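A closer look at the structure
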2 protein chains.
Amino acid sequence: MLKPEKISKRQLILAEAAKLFKDRGYSGTSMRDLAGQVGMEAASMYNHIKAKDEILASICFRISDLYISQLGEISATAASYGDKIKALIRLHIRLMVEDGPAVSVANHDWKYLPEPKLGEFKQARKTYEKGFAALIEAGIAAGEFQPVNVSVALFTILSAVRWIELWYRPGRELSAEELEANIITVLLHGLERK
Amino acid sequence: MLKPEKISKRQLILAEAAKLFKDRGYSGTSMRDLAGQVGMEAASMYNHIKAKDEILASICFRISDLYISQLGEISATAASYGDKIKALIRLHIRLMVEDGPAVSVANHDWKYLPEPKLGEFKQARKTYEKGFAALIEAGIAAGEFQPVNVSVALFTILSAVRWIELWYRPGRELSAEELEANIITVLLHGLERK
DNA sequence: CCTACCGATCGGTAGG
DNA sequence: CCTACCGATCGGTAGG
């Protein structure tokens, strides 16, 4: 028999955990902090989750799975490399706006995963980075992009979109669409006027 | 009477703390971890520092003071706005390579500062960001830069240089000079070939 | 889902 | 700079 209540309680714990981990870090968040946010005693949470690090793993891998599957879809389209990069930038911004705390945890707190989860996550991240880098490399080979160092281009783009969660507040002054357009301008066309 | 030994012991504690905070986070690093790294008992460190959070504050404000004073010097030169931005990018890369762990702590662990230090640090960061933004704004007004949203340009540049410490290993494949040149190309000229 | 509790570890102090 | 120790809090379990 399915227990929909148990599933949603677990989701609630994961969602509140993402918010707390984002604000105070994984080590800085106690199971009692989290229990208070969820509205139960710390001991009761163990009916829904196995351990503190299982919460962390669940958040991190949900996000990395999402990114990897989306990258696959975007890579498989017939668009130009410039348009594929733009689609990836939009993907990052959209996920950041819709799922901010979890994205933040996957970006910063993954290092507290215990082995072997830590190794698996690093592997997943490397898979994503390699797929992204392959698009940049192909764009250079096709003459679409400048012949820059691929790692520098990759991490400049990734860092620009990852840092959004640290300063961007939706609605205030800049809409998500304007944010996308401006980041694409800076990264693809450059700050300097030609 | 000056006690040069005490001063250098304190510096040693601060240097080792920066490395541990970078790797495990502030909350994830215990005073016993740190004491082990320094080569003394946890209790003995209190002869050199007042409290754990005083270590954090010392690291964070040393870095923020450095950035603010350097920004002032660069702003005061007669260079073009493009050259001023380039000089700031080089400053960030140089400090990252020379003082990586401390820069990393100032970028990530400042949020664990207790009040009123937390407010002071946020203020210092805002001062730096406003000075940087003023250069971008002036560059746009002078027709040197494209009319992009200033916040987007500012944080795209800042994030690109801050993220370097998470992936760049000096010497391997890419020298610091090549790194500088490539980042400047992507950020100022854009990835797409014109 | 709660009460009661475990052993371990935390930042920090007393006293020498 | 060390030994010895403090009260608080940690992640987690037993038992209901």
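Residues numbered from 1 in each chain as written. Chains lettered and ligands numbered in written order. Predicted model: local features only at pLDDT ≥ 70, side-chain atom pairs only at ≥ 80, totals over all residues. Heavy atoms only, no water.

Description of the overall build of chain A
The helix and strand inventory of chain A stands at 8 helices and 0 strands. The helix and strand sequence of chain A, counted from the amino end, reads α-α-α-α-α-α-α-α. In terms of principal-axis extent, the alpha carbons of chain A reach across some 60 × 40 × 35 Å. A total of 194 residues make up chain A; the buried ones form 52% of that total. At a minimum sequence separation of 6, the contacts of chain A that also span at least 24 residues come to 68%. (Helix = DSSP H or I, 4+ residues; strand = E, 2+ residues; numbered from the N terminus. Buried < 20%, exposed > 50% of the residue type's maximum accessible area, 1.4 Å probe, protein only. Contact = heavy atoms within 4.5 Å.)

Topic: the relation of the copies chain B and chain A
Between the two copies of the chain lies a rotation about an axis combined with a shift along it. Overlaying chain B with chain A gives an RMSD of 0.0 Å, the required rotation being 180° about an axis along which the chain moves by 0.0 Å. Viewed as a symmetry operation, the transformation between the two copies matches a two-fold axis. Every residue of chain B has its C-alpha some distance from the rotation axis, and the shortest such distance is that of Gly-190 of chain B, at 1.8 Å. Of the residues that chain B buries at the interface, 100% are likewise interface residues in chain A, meaning the two copies contact each other through the same surface. (Least-squares fit on C-alpha atoms with pLDDT ≥ 70 in both.)

Thoughts on the packing of helix 4 (residues 81-108) of chain B against helix 8 (residues 176-189) of chain B
Residues and elements named next belong to chain B. At a closest axis distance of 10 Å, the pairing of helix 4 and helix 8 adopts a crossing angle of 135°. Between helix 4 and helix 8, the angle falls in the class oblique. Helix 8 is crossed by helix 4, and the crossing has right-handed handedness. For the pair helix 4 and helix 8, the contacting residues are Gly-82, Ile-85, Lys-86, Ile-89, Arg-90 and Ile-93 in the first and Ala-176, Leu-179, Glu-180, Ile-183, Ile-184, Leu-187 and Leu-188 in the second. (Axes fitted to C-alpha atoms, helices over the stretch in contact; angles between N-to-C directions. Parallel < 35°, antiparallel > 145°, perpendicular 65-115°, else oblique. Left-handed = near helix turned anticlockwise from the far one by under 90°.)

Here we look at a positive patch on the surface
On the surface, a cluster of positive charge is contributed by Lys-122, Lys-126 and Lys-130 of chain A together with Arg-169 and Arg-172 of chain B. The residue Arg-169 of chain B is located in the loop between helix 7 (164-167) and helix 8 in this model. Residue classification places Arg-169 of chain B among the partly exposed positions, given a relative accessible area of 42%. (Patch = residues over 30% accessible without salt bridge, like charges linked within 9 Å, V, L, I, M, F, W, Y side chains within 5 Å. Areas by Shrake-Rupley, 256 points an atom, 1.4 Å probe, with all protein chains shown as cover. Salt bridge = Lys/Arg side-chain N within 4 Å of Asp/Glu carboxyl O. Lys, Arg positive; Asp, Glu negative; His and termini not counted. Charge placed at Lys NZ, Arg CZ, Asp CG, Glu CD.)

Thoughts on the protein's contact with DNA strand D
Taken together, 15 residues are adjacent to DNA strand D, and Met-31, Arg-32 and Lys-52 of chain A together with Ser-44 and Asn-47 of chain B come closest. Looking at DNA strand D alone, sugar and phosphate atoms form 56% of those within 4 Å of the protein. In the environment of DNA strand D, a base nitrogen lies 2.7 Å from a nitrogen or oxygen atom belonging to the side chain of Arg-32 of chain A. One of the backbone nitrogen or oxygen atoms of Glu-41 of chain B is found 2.8 Å away from a phosphate oxygen of DNA strand D. Residue composition of the surface near DNA strand D, by class: 6 nonpolar, 5 polar and 4 charged. (Near = heavy atom within 4 Å. Polar contact = N/O pair within 3.5 Å; in protein donor to acceptor, adjacent residues only side chain to side chain. Nonpolar A, V, L, I, M, F, W, Y, C, P; charged D, E, K, R; others polar.)

Observations concerning the interface of chain B and chain A
Facing the 44 residues of chain B at the interface are 44 residues of chain A. It is Trp-163, Leu-191 and Glu-192 of chain B in chain B that bury the most area against chain A; as a group they hold 19% of the surface buried on that side. Here chain B is connected to chain A by 0 salt bridges. If you list the elements that add at least two residues to the side of chain B that touches chain A, you get helix 1 (4-24), helix 4, helix 6 (150-162) and helix 8 of chain B. Per element, the largest residue contribution to the side of chain B that touches chain A is 9 residues, and it comes from helix 6 of chain B. In terms of residue class, the side of chain B that touches chain A is made up of 18 nonpolar, 15 polar and 11 charged. (Buried area = accessible area lost by both parts, 1.4 Å probe.)

Description of the UniProt feature "DNA-binding region" (unreviewed entry) in chain A
The sites that UniProt annotates as "DNA-binding region" (unreviewed entry) are residues 30-49 of chain A. Structurally, residues 30-49 of chain A is divided into 40% helix and 0% strand, and its ends, taken at the C-alpha atoms, are 14 Å apart. (UniProt positions renumbered as here; feature names shortened; annotations may be inferred.)

Notes on the protein's contact with DNA strand C
For DNA strand C, the set of nearby residues contains 15 residues, the closest of which are Ser-44 and Asn-47 of chain A together with Met-31, Arg-32 and Lys-52 of chain B. Sugar plus phosphate, as a fraction of atoms of DNA strand C within 4 Å of the protein: 56%. Within the side chain of His-48 of chain A, one N or O atom sits 3.1 Å away from a phosphate oxygen of DNA strand C. Between a phosphate oxygen of DNA strand C and a main-chain N or O atom of Thr-29 of chain B, the distance comes to 3.4 Å. Among the residues forming the surface near DNA strand C, the class breakdown is 6 nonpolar, 5 polar and 4 charged.

Digging into the domain arrangement of chain A
All names here are of chain A. Examined at the domain level, chain A breaks down into domain 1 (1-49) and domain 2 (57-189). Note on domain 1 versus domain 2: buried area summed over both sides is about 750 Å², and carbon and sulfur give 69% of it. On the surface where domain 1 and domain 2 come into contact, there are 1 salt bridge. We note a salt bridge from Lys-22 to Glu-165, for which the minimum N-O separation is 3.9 Å. Counting across the domain 1 and domain 2 interface gives 0 residue pairs in polar contact (both at pLDDT 80 or more). The residue inventory of the side of domain 1 that touches domain 2, partitioned by class, reads 5 nonpolar, 2 polar and 3 charged. (Domains from an automatic or database assignment.)

Observations concerning unusual backbone geometry
A cis geometry characterises the amide bond from Glu-115 of chain A onward to Pro-116 of chain A, with omega recorded as 5°. Tracing the sequence through the fold places Pro-116 of chain A in the loop between helix 4 (81-108) and helix 5 (117-141).

Observations concerning helix 6 of chain B
Residues and elements named next belong to chain B. For helix 6, which comprises 13 residues, the first-to-last C-alpha distance of 18 Å matches the rise-based estimate of 18 Å (1.5 Å per residue) to within 8%. Where burial is concerned, most of helix 6 is hidden: 12 out of the 13 residues are buried. Listed as buried for helix 6 are Val-150, Val-152, Ala-153, Leu-154, Phe-155, Thr-156, Ile-157, Leu-158, Ser-159, Ala-160, Val-161 and Arg-162. By the N-cap criterion, in which a side-chain oxygen at the helix start approaches the backbone nitrogen of a residue two or three places on, helix 6 is capped by Asn-149, the distance to Ser-151 being 3.0 Å. (Expected span 1.5 Å × (residues − 1).)

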